[in-house]
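Survey of secondary and tertiary structure
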Amino acid sequence: MRDKIPTPNAERRYECFECGTVVVSAESPGSCPECGGDLRNRGTPME
Ligand SMILES: [Zn+2]
């Protein structure tokens, strides 16, 4: 029985405090790729 496919990439959305860049990553990106600022976890994306 395989009626449910687990999500391999549990992506989360992070938003940069400094420039507002949104990074979607399964892992914590750590810092903004654009400016190196702190990223805030916005939780699971609503799609
Ligand atoms: Zn940034």
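Residues numbered from 1 in each chain as written. Predicted model: local features only at pLDDT ≥ 70, side-chain atom pairs only at ≥ 80, totals over all residues. Heavy atoms only, no water.

Comments concerning the pattern of salt bridges
Applied cut-off: A pairing counts as a salt bridge when a side-chain nitrogen of Lys or Arg comes within 4 Å of a carboxyl oxygen of Asp or Glu. Put simply, DSSP marks the helices as runs of H or I at least four residues long and the strands as runs of E at least two long, and each gets a number from the N terminus on. The buried label applies to any residue whose accessible area, calculated with a 1.4 Å probe on protein chains only, is under 20% of its type's maximum; exposed applies above 50%, and partly exposed to all values in between.
Taken as a whole, this structure holds 2 salt bridges when the rule is applied. When the shortest N-O distance is used, the salt bridge between Arg40 and Glu15 registers 3.1 Å. Of the two residues, Arg40 is situated in strand 3 (residues 39–41) and Glu15 in strand 1 (residues 12–16); the sequence distance between them amounts to 25 residues. Residue Arg40 is classed as partly exposed on the basis of its relative accessible area, which comes to 39%. Overall, Glu15 belongs to the buried group, its relative accessible area being 19%. By sharing partners, the salt bridges in this structure join Glu15, Arg40 and Arg42 into a single network.

Quick look at the sheet that holds strand 1
To be explicit about the condition: Two strands are counted as paired when DSSP detects at least two bridges linking them. Between N-to-C directions, angles span 0 to 180 degrees; the directions come from axes that are lines fitted to C-alpha atoms, helices contributing only their stretch in contact.
In spatial order, the strands read 2-1-3; together these 3 strands make up an open sheet with antiparallel pairing. Pairing within the sheet leaves two strands with one partner each, and these edge strands are strand 2 (22–25) and strand 3. Within this sheet the neighbouring strands show an average axis-to-axis angle of 30 degrees, counted without direction.

Examining the coordination of the zinc ion
Think of it this way: four donors in a tetrahedron around the metal ideally sit 109.5 degrees apart, and six in an octahedron ideally sit 90 or 180 degrees apart. Put simply, the rule reads: Metal donors: N, O and S atoms at distances within 2.8 Å, or within 3.2 Å for Na, K and Ca, with water omitted from the atom set so that some sites may seem incomplete. Irregular is the label for any site that misses the other tests, which are tetrahedral for four donors with all angles between 85 and 135 degrees, and square planar for four donors or octahedral for six when opposite donors exceed 155 degrees and the remaining angles lie between 65 and 115.
Surrounding the zinc ion are the protein donor atoms Cys16 (SG), Cys19 (SG), Cys32 (SG) and Cys35 (SG), which sit 2.3 Å from the metal. Classification of the site at the zinc ion as tetrahedral follows from its 4 donor atoms and the range of 105 to 117 degrees in their angles at the metal. Within one chain, the residues donating to the zinc ion are spaced in sequence as C-x2-C-x12-C-x2-C. With Cys16 in strand 1 and Cys35 in the loop between strand 2 and strand 3, this pair connects stretches of sequence that are 19 residues apart. Among the residues examined, Cys35 registers a relative accessible area of 43% and is labelled partly exposed.

Read these as spatial facts, not as claims about activity.
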